[in-house]
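# Structural overview
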Amino acid sequence: MSAVPGTTNQELRSSDLIAVREQLGREPTVPFTVMARCTGGHPLVIRNAPRDASGAPFPTTYWLTCLLAGKAVSRLEAEGLIARFNERERTDPAFAEALNAAHRSYAADRARDLSEALEDGGVGGTRRGVKCLHAHYAFHLAGGIDPIGAWVAEQVDPVHAETRGGRVAAIDQGTNSIRLLVVEPPNVAGDDPTELARDMVITRLGQGVDRTGRIDPAALARTVVVLANYCRRARALGAEAIRVTATSAVRDAENRDEFAAAVLEHAGSDLEVISGEREAGLSFLGGTRGLPDDVDPPYLVLDIGGGSTEFVMGRLPGKAEDAISTQMGSVRLTERFIRSDPPDRRELSALELAVADVLDDAESHVPIGDARTLVAVAGTATTLQAIALDLDRYDPEAIHRTWLSLAEAERVLSALAGMTSAERAALPVMAPGRGDVIVAGGVILVIAMRRFGFERALVSETDILDGLAFEMLDIR
Ligand SMILES: [Zn+2]
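Below is a short write-up of the structure.

Basis of the calculations
- Residues numbered from 1 in each chain as written.
- Predicted model: local features only at pLDDT ≥ 70, side-chain atom pairs only at ≥ 80, totals over all residues.
- Heavy atoms only, no water.
- Pairing = 2+ DSSP bridges.
- Helix = DSSP H or I, 4+ residues; strand = E, 2+ residues; numbered from the N terminus.
- Contact = heavy atoms within 4.5 Å.
- Axes fitted to C-alpha atoms, helices over the stretch in contact; angles between N-to-C directions.
- Parallel < 35°, antiparallel > 145°, perpendicular 65-115°, else oblique.
- Left-handed = near helix turned anticlockwise from the far one by under 90°.
- Nonpolar A, V, L, I, M, F, W, Y, C, P; charged D, E, K, R; others polar.
- Donors = N, O, S within 2.8 Å, 3.2 Å for Na, K, Ca; no water.
- Tetrahedral: all angles 85-135°; square planar, octahedral: opposite > 155°, others 65-115°.
- Buried < 20%, exposed > 50% of the residue type's maximum accessible area, 1.4 Å probe, protein only.

### Quick look at the sheet that holds strand β6 (residues 194–202)
The five strands are arranged β6-β5-β4-β7-β8 in an open sheet whose pairing can be described as mixed. This sheet does not close on itself; its edge strands, each paired only once, are β6 and β8 (272–273). As paired elements, strand β7 (residues 241–246) and β8 share two bridges and run parallel to each other. Bridge pairing in β8 links Ala246 to Val273. Packing against the sheet, helix α19 (residues 464–472) makes contact with β4 (168–173), β5 (177–184), β6 and β7, and its axis sits at approximately 145° to β4.

### What to know about the packing of helix α12 (residues 330–337) against helix α18 (residues 438–452)
Interhelical geometry of α12 versus α18 gives an angle of 110° and a closest axis separation of 8 Å. The orientation of α12 relative to α18 falls into the category roughly perpendicular. Handedness of the crossing formed by α12 with α18: right-handed. Contacts between α12 and α18 involve Ser330, Leu333 and Thr334 from the former and Ala440, Gly441 and Ile444 from the latter. Among the residues making up the contact of α12 with α18, the classes are represented as three nonpolar, three polar and no charged.

### A look at the coordination of the zinc ion
In the first shell of the zinc ion, the protein supplies Cys38 (SG), His42 (NE2), Cys66 (SG) and His160 (NE2), at 2.0 to 2.3 Å from the metal. Geometry at the zinc ion is tetrahedral, judged from the four donor atoms that bind it and their angles of 100 to 119° at the metal. Of note, the zinc ion draws all its donor residues from one chain, in the sequence arrangement C-x3-H-x23-C-x93-H. Among the residues examined, Cys38 registers a relative accessible area of 6% and is labelled buried.

Any functional reading would require information beyond the geometric quantities listed.
If you want it as structure tokens, here you go:
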């Protein structure tokens with residue numbers, strides 16, 4: 001499998017590029033993604049790529065961009081804290097070890113994206129000691145274990161006087177990916193919550209579960225690393241509750257208690273292994289809440305996952321009425337049908353037939369043909385749309401609630417099916433770890449659109465993860 005353990009996604013919204021340009025007062029020179037936001041939603045911490053555009057090392061991975069947060073930390077520096085911490089490092093061995101562990105984990109974190117970058121130093125680009133409190137605070141906010149960053153947070157949080165309480169974090173463990181959403185409740189009831197962090201890492205927890213019935217130890221280990229980071233980041237951002245739901249792969253695994261134990265340890269809450277029906281309800285809530293009036297009901301939400309695919313119907317945004325969860329997904333179908341790279345014609349035909357069978361069964365349970373609007377959620381559909389739109393980087397803002405025609409979906413799928421996994425993985429919008437399974441996911445989407453007569457699909461970035469966060473905030 002080509003899943004890269006722990007590689008952070010590289011999403012970047014155009015509005016964030018503009019905001020960070022203003023915060024820095026210049027053009028950013030290094031590709032970045034936003035890791036954490038302040039109340040109001042402006043970028044707080046960005047994660048820089050390990051090399052700049054010219055290929056030169058860029059050792060500061062996490063960068064505090066909020067101006068107010070930067071000023072608050074600068075005041076601490078002006079009080080002479082850096083010298084005091086360096087003195088403490090020389091005299092307090094336990095502190096020195098904790099600090100050095102932070103440097104090592106910072107370097108290892110960067111090396112996940114580029115192994116040579118392990119040599120570029122630790123927090124703030126230094127190997128030992130303390131150089132810059134901003135870098136430590138940024139690392140802490142991004143989910144790092146950093147004694148200085150945690151101390152700075154105690155001094156400066158909350159940076160913004162208008163910061164609201166009641167923040168919550170939702171984590172969705174799928175078959176292919178683990179995702180985080182941290183939100184602040186809205187000021188006015190009925191408004192959308194403010195997003196403070198959103199992340200997605202493909203660790204493929206469900207690797208082999210279809211065949212063995214068990215979660216693979218290596219897949220579990222790389223997933224727990226990400227889970228622990230998410231939980232630390234959520235707490236650093238003030239989340240008062242963290243809920244973790246798991247769907248298909250965990251649902252089907254005999255040893256799911258091993259994952260549940262990690263969830264209890266890091267999130268402080270019980271893992272919620274949710275039924276296909278509940279998964280469908282949350283997916284519909286996340287996918288349809290706030291749909292514009294010109295989109296005709298009934299809606300069909302199609303949630304193509306790694307291990308299962310949900311078909312959910314409803315006439316009102318946010319309110320699912322009828323659903324079926326099927327045992328087909330991009331990872332499961334890839335493991336069952338694809339042997340060649342690129343897949344050969346016979347493999348694709350067998351895959352298409354298997355999907356058609358499942359669709360027949362789904363339609364016998366849910367009146368899918370009655371739907372007027374198809375809402376396609378999750379990574380398969382959003383990535384196909386990113387390619388159809390010819391985006392040069394993954395920009396969720398450019399994708400969310402845009403239409404993908406059947407003809408475009410067919411064109412993109414055909415192009416992807418003709419590429420090797422490595423060629424697909426190299427596309428700038430492809431999340432690390434999605435390249436080898438997107439063809440199977442795309443077949444589900446295209447066959448479903450043809451079968452049920454949808455000429456186009458409304459592609460949605462919001463889905464089950466948002467549904468869970470809405471539920472936690474009691475937003476319906
Ligand atoms: Zn701020």
